[in-house]
Amino acid sequence: MNFSEATGFEALLRSLEQCRKGKLWKASVAHFYLNGTYECMRLEQEIRSGSYKPRKPHTFTLTYPKVRPCSSTHIRDRVVQRSLNDNVIYPAMTRSFIYDNMACQNGKGTTCAMDRLNRMLRRWYINHGGNDGYVLQFDVEGYYRTMRHDIARECFSKHLDAETVEHAMEWLQRQYPYDVGFEPGSQMVQILGISMLDRFDHIVKEQLRVRNYLRYMDDGILLSEDPDQLAAWRDALAEELARIGMHFHAEKTRIYPIRDGIRILGFTFLLTDTGKVVRLIDPKNVKHERKKLYRMAQLVRRGEMSVRKFLECYTAWKAHAALGNTWRVQMRMDQYVKSLMEGIYERNRNEDPRKDRSGERAGRSCGRAGEDRLQHHDGNAGGPV
């Protein structure tokens, strides 16, 4: 599909159907979707006539897991960018990616990256007969805010036709009117994020001949038996980053033994002396979730949040925690949630005996779930601990 087809009425309408999912609670999205046929026709006419101009994105600051700027694109611009990305940019840009580039692609993501690292560590144990070895873990400092726009154009030009490159860069330049830096939040910027280090990946695989390599956006790891070899690889890759105006984070880029555990993607991967790979969740994540659940429980007590919403949020966190060997952590969290729910019920009963018993029921359900799981694992002593 070319640029004209990707910005046509039918393609824009399909893009709108994707963009509105989970967003119809927003007034701007609901209004745009209600008038979707008219809005997509108008967008097509504006693009054909050259009068289409993206609106300035809304900028805000994310505070967890670290403070960073972010931006939100208006729904009309999101529809155009998604249509162009899904139909033209993404298929062309990802064609040259190595398999171990794991971020933001169909069939990949954090779970796939974690499974890939598991297989890599098990293969390391089989080939080397133990967990002796070293890992180079790197992080690119200020990844999005140090992206040069001329390098972004060069990256697009390698894979896209001239018309698509000109329109894509013009729209990005209007939204980010400076020479260096983007803010995550736009799908087009996300595509740039996974594409910017494509040459970097090919240097690792084709020139340095590194077999055990994994990258997720601006974080990555390389394994080797020799720490001096890792240091040489680090210096060679630092030169490639300098070519595009980036550099490694001084503190987060380091070389250490594999047996110490690899901390990435919110988990610590431990390769034991027996060849087992154990995933331990980051304790900071658990601490943050406990604080979050406590604050949400206070909202439930005041009637500002439903018990159902509270349990939905907790269940989502448990699904993430279940990716690791976290049975005991989940048991303790179940008991903590049960105590919060029972506390809510007791306070509500003391304040007004006529109030519903949803908090008590939720607490009992958490308790029953924990007891059932405990009985299950008592009968399976070999399960993860």
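Scroll up a little and you will see the structure.
Summarised in this report is the structure supplied together with it. (Residues numbered from 1 in each chain as written. Predicted model: local features only at pLDDT ≥ 70, side-chain atom pairs only at ≥ 80, totals over all residues. Heavy atoms only, no water.)

1. So, the nonpolar core
Reasoning step 1: In terms of nonpolar packing, the biggest core is built from 63 residues, with Y143, F156, L172, M196, F200 and L222 touching the most fellow members.
Reasoning step 2: No other element matches helix α5 (residues 75-93), which puts nine residues into this core.
Reasoning step 3: Among residues more than four places away in sequence, those in contact with M196 are Y143, M147, I151, A152, C155, I244 and M246.
Reasoning step 4: Judged by nonpolar contacts, the second largest core, of 39 residues, contains M102, L214, F267 and F310. (Core = buried A, V, L, I, M, F, W, Y, C linked by side-chain atoms within 4.5 Å. Buried < 20%, exposed > 50% of the residue type's maximum accessible area, 1.4 Å probe, protein only. Helix = DSSP H or I, 4+ residues; strand = E, 2+ residues; numbered from the N terminus. Contact = heavy atoms within 4.5 Å.)

2. Things to note about the sheet that holds strand β3 (residues 134-139)
Reasoning step 1: An order of β4-β5-β3-β6 is seen for the four strands of this open sheet, with the pairing classed as antiparallel. Across the chains shown, the open sheet's two edge strands, defined by having one partner strand only, are β4 (213-216) and β6 (254-257). Looking at each pair of strands side by side, their axes are set apart by 20 degrees on average, direction ignored.
Reasoning step 2: For β4 and strand β5 (residues 219-224), the ladder comprises four bridges, and the chain directions are antiparallel. Bridging from a neighbouring strand, R215 pairs with G220 of β5. (Pairing = 2+ DSSP bridges. Axes fitted to C-alpha atoms, helices over the stretch in contact; angles between N-to-C directions.)

3. Overview of the pairing of strand β8 (residues 267-271)
Reasoning step 1: A one-sided burial pattern is seen for β8, the buried positions being F267, F269 and L271 and the unburied ones T268 and L270.
Reasoning step 2: Bridge count between strand β7 (residues 262-264) and β8: three bridges; the pairing is antiparallel. The partner of I264 across the bridge, within β8, is F267.
Reasoning step 3: Linking β7 back to β8 in an antiparallel pair, the connection comprises two residues, with L265 at a positive phi of about 60 degrees.

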